Amino acid sequence: MKIKKSVLLTILCAVFIICLFSGCSNSQKLAADITEDTMLIAYTQENSPFLYKNENGEFEGFDAEIINEIFDSVKGEYKNYTFIQVPDDYKLNEDVCYTDENGKEYKAKIMCGGTRKNTGTANQDVNWSVNILENNIVTVVSAGSTIINADIPSDTTAGVTSAAAMEALNRNAAYKSNFETIKEYASISDSLAALDNGEIDAVITETFDFCKTDGSEKYTVLPGVLDKIEYAYQFAKNDDLSWSFNEAIREMQSADYGDGDTLTPLVEKHFGYKDACVFEYKTDGDK
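Below, the structure is looked at part by part. (Residues numbered from 1 in each chain as written. Predicted model: local features only at pLDDT ≥ 70, side-chain atom pairs only at ≥ 80, totals over all residues. Heavy atoms only, no water.)

1. Comments concerning the sheet that holds strand β1 (residues 38-43)
Rules: Criterion used throughout: strands pair if DSSP finds at least two bridges between them. Only DSSP runs of H or I reaching four residues or more are called helices, and only runs of E reaching two or more are called strands; each is numbered from the N terminus. Whether two residues touch is decided by their heavy atoms; if any such pair falls within 4.5 Å, the residues are in contact. Throughout, an axis means a line fitted to C-alpha atoms (over the contacting stretch in the case of helices), and angles, computed between N-to-C directions, take values from 0 to 180 degrees.
If you trace the five strands from one edge of the open sheet to the other, you get β4-β1-β7-β15-β8, paired in mixed fashion. Strands with a single pairing partner mark the edges of an open sheet, and in this sheet they are β4 (80-85) and β8 (127-128). Two strands pair when backbone bridges link them, and β8 and strand β15 (residues 234-235) are joined in this way by two bridges, in the antiparallel orientation. For Trp128, the partnering residue across the bridge sits in β15 and is Gln234. Each of β1 and β4 touches helix α2 (residues 62-74); the most contacted strand, β4, lies at about 140° to it.

2. Points about the packing of α2 against helix α9 (residues 263-271)
Note the threshold: In these notes the angle categories are as follows: under 35 degrees is roughly parallel, over 145 is roughly antiparallel, 65 to 115 is roughly perpendicular, and the rest is oblique. Two helices cross in a left-handed way if the nearer one is turned anticlockwise from the farther one by less than a right angle. They cross in a right-handed way if the turn is clockwise.
Running from N to C, α2 and α9 point in directions that differ by 160°, and their axes come no closer than 10 Å. Taken together, the axes of α2 and α9 are roughly antiparallel relative to one another. In this structure, the crossing between α2 and α9 has a hand that is right-handed. Together, Phe62, Glu65 and Ile66 of α2 and Leu263, Leu266, Val267, Lys269, His270 and Phe271 of α9 make up the contact between the two elements.

3. Re unusual backbone geometry
Note that the residue after Ser48, namely Pro49, is joined by a cis bond; omega there is 5°. Within the chain, Asn93 stands out as a residue other than glycine whose phi angle is a positive 60°. With respect to the element layout, Asn93 can be found in the loop between β4 and β5 (98-99).

4. Focus on the packing of aromatic side chains
Here is the rule we go by: Only centres within 6.5 Å qualify two rings of Phe, Tyr or Trp (six-membered ring in Trp) as a pair; their planes then separate them into stacked at under 30 degrees, edge-to-face at over 60, and tilted for everything else. Exposure is judged per residue with a 1.4 Å probe applied to protein chains only, and the accessible area is read against the type maximum: over 50% gives exposed, under 20% gives buried, and values in between give partly exposed. Lysine and arginine charges are scored as sitting over a ring when NZ or CZ, respectively, is within 6 Å of the ring centre and within 35 degrees of the ring normal.
Across all of its chains, the model carries 16 aromatic pairs by this definition. Ring plane angle 50° and centroid distance 4.7 Å describe the contact between Tyr233 and Phe245, whose orientation is recorded as tilted. Here the residue Tyr233 occupies a position in the loop between β14 (227-231) and β15, and Phe245 occupies one in helix α8 (residues 242-253), the gap between them amounting to 12 residues. Residue Phe245 is classed as buried on the basis of its relative accessible area, which comes to 0%. In this structure an aromatic cluster arises from ring pairing among Tyr43, Phe59, Phe71, Tyr81 and Phe83. The ring of Tyr106 has Lys104 lying over it, and the distance from NZ or CZ to the ring centre is 5.7 Å.

The structure is reproduced here in structure tokens:
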């Protein structure tokens, strides 16, 4: 019996040591201090579920996990990385985002944090990865609703759940004019509760919000979308890492590489449905 206990204790200690060093290996990629060995990855603001700090001040989210997994494939001569907050108009690899105690200046090469590809003038100022995610603005109705398409009855009341949804509705003036009344709600849960109670007839919302909601299968999403919001990663034009980044994401997505497809489960974890992922990358060698 003593021999069995000793063997068991030895095995448990070995497992603990392996786990400990495995954890250290991952954490060493995320730098505690910025040095010449540190790649700076910029973000403009915390944006859940892309990139945000937990109660301990540690970065979490989809982008945090993506960067951790693919860093070794894009790091070049860097040994670690850190996330650093920058102004909205920050220019990658041009503007200084950190100065150390000796006056040495540092610049960021990658921008993350839920960067939207189809907004502003950023499309011309940077190189982009292939689109990773797509967030659609859709119309949701009760499963038994008589509304089955974009032919909205004139006395219909709609609830809107986000600024992005309202922007899309405003851009589709003809569609918006079909609704007699439009109400804004603070959250998708509030708007769906109003829909359930008969206070409104339809909800204009983002698929990112709707598909993470418990019981979303009880509702019907009308055909067509009011807008498609594309998400990707930005790279400095004068030091472009987009090619190696795309290759690394493709390896994550491949069922034949490493641990198999690790991208799809990550998308489902943070956005609630695998179809949010639209990543498709091909090179000349694939043709």
